[in-house]
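Per-entry structural report
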Amino acid sequence: MFSQACRKIGIKVSPHVEFKRCLLRSSLCHQKIESNAKSTEHSYSNADQGDSEPTLYDKFLQNPQSVPLITSRKLEYPNKYRAPRQAWLETLSTVEDHKLGMVDLHPDVFAVHPRLDILYHNLRWQEFYKKIDYNWTPGRGDLDVTTRKQMPQKGTGRARNRNRDSIMFRTGAKPLGPRGPKALFYMLPKRYRVQGLCTALSFKYAQNNLHIVDSLEIPEDDPQYIQDLIDTRFWGFSALFVDDTDYMPENTSLALAEFPQYNLCPVYGLNVRDMLKHETLILTLAAVEKIKQKLLFHSHRNRRDTKFTMDKRYDQY
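Right, let's get into unusual backbone geometry. The residue after G180, namely P181, is reached through a cis peptide bond having omega 0 degrees. Assignment of secondary structure puts P181 in the loop between β4 (132-133) and β5 (182-183). For Y77, which is not glycine, the phi torsion reads 50 degrees and is therefore positive. In this structure, Y77 sits in the loop between β1 (70-71) and β2 (85-90). In this structure, N208 is a non-glycine residue whose phi angle is positive, near 65 degrees. Here N208 shows up in the loop between α6 (190-206) and β6 (210-213).

Pasting the structure below:
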C-alpha cells in the first residue's frame, strides 16, 4: 500500500526498501501465527489435565473471538433516567490482570445516592442485635435477709421501718434498677437493610474497590499465589471474595486459609459491616446477578412490611 501511494504521487521507492518491508511483514505474520498456536496448545493441555468445565479465561485463550468485549445483560426494572454502569470483567487464573470484557451494572444497585445515615442504622443494628445487657440489681424478693421487724413501731424516736430489704437502706433493694440479662436485639426495617446494601455497593464501586471476576477458581492452592495476585493488582490489605454459593473452590479455600485479612463469603451472608470492614470487594458474575435480582425485587415490591415477631421470624425473613 505504501509503494502504491508513492507511485500515485510520483515518488520512486527503492527495490531494496520494498524487499525489506515485505520481509518484515512476513516475519511478523509468522510470529503471530506461532504465538497463537502455542497459546492454543497450552490451553488444550490445561483442559485435558482436569475434567472440570473450562473457565471463561480458558475459552478466551482457545478462541479470543468467543468471549465478547462487552458482556451485555438484560437489566430488570430499568431506570429511564440513569444509564447502566460498567465494570471490567477480570480473572483469577493468572497473577497479571487480564481483562476479559465489561459488565453492565444496574444503577439502582451500584450507583445510588450516598446515604451515610442508612449506613449508620445498618452498622448500629448489626452491632446491637447480638449484644446482651447483663446488668442486674436485686429486688425485695431477691435479698436473703430476715423478715423480722428491726425495731418496735413506736417509742424509739426513729422512723417506722420494716426489715432490712427496704429501699431506704443502703444494703436494701433497688426499686427501678436493671433486671438483666436483657437482649438488645431489634429488627431493622427491610427498606433500611436493602438501602444499606445498595449504598455500600455503590461506595465500593465509586471508590474503584469493586472488582468482578468470572469465577473464584485459581490454578494452585499456594498461599503465595493469592498474595502475589493481590499485591500485583493493588487490591489493598484486606479483601472479601463473594460467590453465589457456599461451596467454595478447594484451591481458593486452602490458599486463603493462611490469611485472616482475606475472607470468603456467600451471597446470603453479605452484609454492610463486612463490606466496609474489607478494603476490596471481589464478586463473581453469578454473585452479581443474584445480588441484583434480590435487591431489585425487594426495592420494587409493594407489599407492606409486617411487624417482626420472634415466633414467626423464620416465616417472615
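Having seen the model, we can carry on.
The next point concerns the nonpolar core. For soluble globular proteins, the rule of thumb is that nonpolar side chains tend to be buried together. Ranked by internal contacts, the top residues of the largest apolar core, which has 28 residues, are F110, L201, V242, L281 and L283. Among the elements that make up this core, the one with the highest residue count is helix α10 (residues 285-300) (five residues). In contact with L281, not counting residues within four places along its chain, are L201, K204, N209, L210, H211, L240, V242 and M275. Counting 18 residues, the second largest nonpolar core, distinct from the first, contains V95, A239, A255 and I282.

Its 17 residues give α6 an end-to-end C-alpha distance of 24 Å, which sits within 8% of 24 Å, the value for a rise of 1.5 Å per residue. Every buried residue belonging to α6 is among K190, R193, V194, G196, C198, T199, A200, L201, S202 and K204, and all of these are buried. Positioned one or two residues after α6, N208 has a phi angle of 65 degrees, which is positive.

Attention now goes to the packing of α6 against α10. Remark: α6 packs on α10, axes separated minimally by 10 Å, with the N-to-C direction vectors making an angle of 140 degrees. In terms of their interaxial angle, α6 and α10 are classed as oblique. Handedness of the crossing formed by α6 with α10: left-handed. Contacts between α6 and α10 involve K190, V194, L197, C198 and L201 from the first element and I291, L295, H298 and S299 from the second. Of the residues assigned to the contact of α6 with α10, the class counts are six nonpolar, two polar and one charged.

What counts, and where the lines are drawn
- Residues numbered from 1 in each chain as written.
- Predicted model: local features only at pLDDT ≥ 70, side-chain atom pairs only at ≥ 80, totals over all residues.
- Heavy atoms only, no water.
- Helix = DSSP H or I, 4+ residues; strand = E, 2+ residues; numbered from the N terminus.
- Core = buried A, V, L, I, M, F, W, Y, C linked by side-chain atoms within 4.5 Å.
- Buried < 20%, exposed > 50% of the residue type's maximum accessible area, 1.4 Å probe, protein only.
- Contact = heavy atoms within 4.5 Å.
- Expected span 1.5 Å × (residues − 1).
- Axes fitted to C-alpha atoms, helices over the stretch in contact; angles between N-to-C directions.
- Parallel < 35°, antiparallel > 145°, perpendicular 65-115°, else oblique.
- Left-handed = near helix turned anticlockwise from the far one by under 90°.
- Nonpolar A, V, L, I, M, F, W, Y, C, P; charged D, E, K, R; others polar.

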